[in-house]
Structure formats: C-alpha cells, structure tokens
Amino acid sequence: MFLYGAGGHAKVIMDIVHAEGGRIEALIDDNDSLKEVMGVKVISGRTEHISPLIVSIGNNKVRKLIAEKVTAEFARAVHPSAIIAGSVCIGAGTVVMQGAIIQSCASVGRHCIINTGASVDHECQIGDYVHISPRCTLCGNVSVGEGSWIGAGSVVIPGVKIGKWSVIGAGSVVIRDIPDGVLAFGNPCKVIRQL
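Because the structure is a prediction, the values reported are computed rather than measured.

Student: I would appreciate a short explanation of helix H2 (residues 60-69) in the present structure.
Tutor: Think of an α-helix as turning once every 3.6 residues; residues three or four places apart then point the same way. Taken as a whole, H2 has its buried residues at Asn60, Arg63, Lys64, Ile66 and Ala67. Looking at the packing, one finds that the buried side of H2 touches strand E1 (2-4), strand E5 (53-55), strand E12 (113-114), strand E15 (131-132) and strand E18 (149-150).

Right, here's the structure in full:
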C-alpha cells in the first residue's frame, strides 16, 4: 500500500495498516527534502503505479484535490479496535481510527476520516471527504454533507442534517440543521459566518 502525504495523519494511518497486518511500500509527498518517515521511504512527484493508495492528508479540500488528480485504486484502512456493524458501507479511501464505532445501516462516503474514538450511530449518512474528529458523537439518522468537518468532541443530536463543506467547531452541541458552507459552533451550535 502507498500513502499520499507524509505528515501526522499519515503516521496514524501507518499504525492502522500495520495493525491490520499490512505493509506500507512508500509515502508520496511534495516535500523533496523528506526522505523517510517512521522507517518508510518518502518519494516525491511520482503518481503512477501507486495502487492501492490512501490519501493521508487531513485537510478535506486538499484530500479531494489529490484524490481527483491521481489515477489509483483506493484502499480503506480500519483499525482492528474499531467496532463496525456488518450492515455499514464504507467508501474507498476512507480511514477509521482506533476505538471508533459505526453502528447499523450507517453509510460513510469515499476519502473520509472517522477519527479516534468517534461514534457514528445507526443510519447516519456521511458524505465524501468528511472528517469526523476525535470523540465526536453523531446520534442516529444524522446526515453530514460532502467535505464537512465536525470538530473534536462535538455532539450531533438525532436526525440533524449538516450541509456540504461546513465546519462545526470543537465541543459544539448541534441541535438543529446546519446549511452548506458555514462555520458554526457553540452549545447550542449557531452559524457564525459563511466560509
């Protein structure tokens, strides 16, 4: 397996792949001076013959740009400590970190991050390129639109819809729908401004 990106997010994915019994062939990164990360070689500029691949960059917009420009077969990485119901669908390129829980009939899109200890309950619909940060709790039937980022420790009550490319600040309690393209935070969570 190959990872595109050699920062902190890549290091966590490397641990997940190793825990799954897999092997990282190389990391791809634009930083020419970076030669090795955690004992794995870093190559720059090369994007051919790099399958299977996970884009190991935390920024949702950058992850999307790279995923759309690279021709590769995208892999998934799910840490063995994660609890995933058998009826869950997880898209290609998505990573599920240590201790995460995804419950029955939830759907997680492509190139998402379900981060450490996050909880995604029954029938949630997570769009592509979404980041559910550490210790977030999404109650049942929550919908999160493409590219949105739910900040660490946030709680989203049942049935709430969060639009595309929005950011929910850390520690927020989301009790009503959030539109596309906004920054929102607080308890209760309120829209602060357009992004």
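Student: Where do I start with the sheet that holds strand E4 (residues 40-43) in this structure?
Tutor: Pairing in this open sheet of 5 strands is mixed, and the strands run E3-E4-E2-E1-E5 from one edge to the other. Of all the strands in the sheet, just strand E3 (36-37) and E5 have a single pairing partner and so form its edges. On top of the sheet, helix H1 (residues 8-19) reaches E1, strand E2 (26-28), E3, E4 and E5; it is set at about 160° to E1, its chief contact.

Student: Looking at this model, I keep getting lost on the pairing of strand E24 (residues 189-194). Mind explaining?
Tutor: Regular strands place side chains that alternate from one sheet face to the opposite one. Where strand E23 (residues 182-186) lies against E24, 5 bridges are found, and the strand directions are antiparallel. What sits directly across from Gly186, in E24, is Cys189. The antiparallel pairing of E23 with E24 creates a hairpin that spans 2 residues between the two strands.

Student: What is the right way to read the environment of Leu53 from this model?
Tutor: By the secondary structure assignment, Leu53 is in strand E5. Leu53 sits in the buried class, given a relative accessible area of 0%. Residues Leu53 and Gly159, 106 residues apart in the sequence, show an inter-C-alpha distance of 33 Å. What Leu53 contacts, discounting residues up to four positions off in sequence, is Phe2, Leu3, Tyr4, Val70, Ala72, Glu73, Phe74 and Ala75.

Student: Just checking my understanding: could you explain the sheet that holds strand E9 (residues 95-96) for this structure?
Tutor: The mixed open sheet is built from 8 strands, whose spatial order is E6-E9-E12-E15-E18-E21-E23-E24. Where the open sheet ends on each side, the last strands, each with one partner, are strand E6 (77-78) and E24. Judged from the 2 bridges that link them, E15 and E18 form a sheet pairing that is parallel. Paired with His131 across the strands is Trp149, a residue of E18.

Conventions we followed
Residues numbered from 1 in each chain as written. Predicted model: local features only at pLDDT ≥ 70, side-chain atom pairs only at ≥ 80, totals over all residues. Heavy atoms only, no water. Buried < 20%, exposed > 50% of the residue type's maximum accessible area, 1.4 Å probe, protein only. Helix = DSSP H or I, 4+ residues; strand = E, 2+ residues; numbered from the N terminus. Contact = heavy atoms within 4.5 Å. Pairing = 2+ DSSP bridges. Axes fitted to C-alpha atoms, helices over the stretch in contact; angles between N-to-C directions.

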